[in-house]
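# Summary of the model geometry
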Amino acid sequence: QQQVRQSSQSLTVWEGETAILNCSYENSAFDYFPWYQQFPGEGPALLIAIRSVSDKKEDGRFTIFFNKREKNLSLHIKDSQPGDSATYFCAASESNNRIFFGDGTQLVVKP
Amino acid sequence: GALVYQYPRRTICKSGTSMRMECQAVGFQATSVAWYRQSPQKTFELIALSTVNSAIKYEQNFTQEKFPISHPNLSFSSMTVLNAYLEDRGLYLCGARGGSSYEQYFGPGTRLTVL
């Protein structure tokens, strides 16, 4: 059973719009949820992360909304730019144990 | 800041031969290192998790006999792909964590092509 699911394989938005990437998870013991951004030919880069004690984490144009009861979270990218076009991975772990990854959402931001 | 380097970035080997890849953490002490293989479809497969002073834990479908890993100190880890075949192709990623930190930082990966 897949531990972390991302609802969309791909998402296309226009420049300036808010991109919303959704994620859900199975294990209620997960308490750390990072999002990684990966460009072609590169490794995944840690973009932003949230702990389960919080319901929102903001860093510049990137915001995570977290719903512990529903076991889902979303990454909002405000004022999307073409340079944000990349694959975004939602991930989860329990304490600092192994991290489980979703299959990624490929975001395309059209100018 | 925390950085992770991997080398080589790309490698090509003949079917049945072996190749070694390296991972180096800079700016933090890598108490745990996870090796992954990423498929062309971008899916992550965890190969093994290595924690200093603990046994290396391999995931199902991956063995020490095929993917021996060394984690001799807090800044370096290496993994060898023995007897590589077509199904071993992919991007091999090293993810390192320090101490009790939750953050895992990845290197750029080693892309393995098997001919």
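In this text the structure is predicted, and so the values were computed from the model without any measurement. (Residues numbered from 1 in each chain as written. Chains lettered and ligands numbered in written order. Predicted model: local features only at pLDDT ≥ 70, side-chain atom pairs only at ≥ 80, totals over all residues. Heavy atoms only, no water.)

### Topic: the overall build of chain A
When its secondary structure is counted, chain A shows zero helices and eleven strands. Each helix and strand of chain A, ordered N terminal to C terminal, gives the series β-β-β-β-β-β-β-β-β-β-β. Taking 13 Å as the expected radius of gyration for a compact globule of 111 residues, we find that chain A reaches 13 Å, a close match to that expectation. Along the first, second and third principal axes, the C-alpha atoms of chain A reach 40 × 25 × 20 Å. Buried residues in chain A amount to 44% of all 111 residues. Here the analysis covers contacts within chain A between residues at least 6 apart in sequence; of these, 53% occur between residues at least 24 apart. In the structure as shown, chain A presents an accessible area of about 5400 Å², 43% of it carried by carbon and sulfur atoms. Counting 11 positive and 13 negative side-chain charges, chain A places the centres of these two groups 5 Å from one another. (Helix = DSSP H or I, 4+ residues; strand = E, 2+ residues; numbered from the N terminus. Rg over C-alpha atoms; globule rule 2.2 N^0.38 Å. Buried < 20%, exposed > 50% of the residue type's maximum accessible area, 1.4 Å probe, protein only. Contact = heavy atoms within 4.5 Å. Areas by Shrake-Rupley, 256 points an atom, 1.4 Å probe, with all protein chains shown as cover. Lys, Arg positive; Asp, Glu negative; His and termini not counted. Charge placed at Lys NZ, Arg CZ, Asp CG, Glu CD.)

### Looking at the pattern of salt bridges
By the definition in use, this model includes ten salt bridges over all chains. Between glutamate 58 of chain A and lysine 78 of chain A there is a salt bridge, and its shortest N-O distance comes to 3.9 Å. Of the two residues, glutamate 58 of chain A is situated in strand 6 (residues 56–59) and lysine 78 of chain A in the loop between strand 8 (72–77) and strand 9 (86–93); the sequence distance between them amounts to 20 residues. A relative accessible area of 40% places lysine 78 of chain A in the partly exposed class. Three or more residues joined by partner-sharing salt bridges are found here, namely Arg37, Glu45, Lys66 and Asp88 of chain B. (Salt bridge = Lys/Arg side-chain N within 4 Å of Asp/Glu carboxyl O.)

### Here's the deal with the sheet that holds strand 7 (residues 69–73) of chain B
Residue and element names in this part refer to chain B. On the basis of which strands lie adjacent, the open sheet formed by four strands has the order 1-3-8-7 and antiparallel pairing. Each edge of the open sheet is held by one strand with a lone partner, namely strand 1 (3–7) and strand 7. When strand polarity is set aside, the average angle formed by the axes of neighbouring strands in this sheet is 15 degrees. (Pairing = 2+ DSSP bridges. Axes fitted to C-alpha atoms, helices over the stretch in contact; angles between N-to-C directions.)

### Thoughts on the state of the cysteines
Enumeration over the complete set of coordinates arrives at two disulfides over all chains. There is a disulfide in this structure between cysteine 23 of chain A and cysteine 90 of chain A, and the S-S distance comes to 2.0 Å. Taking the sign of the S-S torsion, about -75 degrees here, the bridge from cysteine 23 of chain A to cysteine 90 of chain A comes out left-handed. Linking cysteine 23 of chain A in strand 3 (residues 19–25) with cysteine 90 of chain A in strand 9, this pair joins segments that are 67 residues apart in sequence. For cysteine 90 of chain A, a relative accessible area of 0% translates into the label buried. Across a sulfur-sulfur distance of 1.8 Å, cysteine 23 of chain B and cysteine 94 of chain B are joined as a disulfide pair. Note on the cysteine 23 of chain B and cysteine 94 of chain B pair: the S-S dihedral is about -50 degrees, so by sign convention the disulfide is left-handed. Here cysteine 23 of chain B, found in strand 3 (residues 19–26), pairs with cysteine 94 of chain B, found in strand 9 (residues 90–98); they are 71 residues apart in sequence, far enough to count as distant. In this structure cysteine 94 of chain B comes out as buried when scored by relative accessible area, which is 0%. Just so you know, cysteine 13 of chain B is unpaired, no disulfide at all, and the nearest cysteine sulfur is the one on cysteine 94 of chain B, 19 Å from it. (Disulfide = S-S within 2.5 Å.)

### Regarding the pairing of strand 6 of chain A
Residue and element names in this part refer to chain A. In this structure, strand 6 lies alongside strand 7 (residues 62–67), joined through four bridges in antiparallel fashion. Considered in strand 7, the bridge of lysine 57 is made with isoleucine 64. Between strand 6 and strand 7, which pair antiparallel one after the other, the connecting turn spans two residues, and glycine 60 there sits at a positive phi close to 65 degrees.

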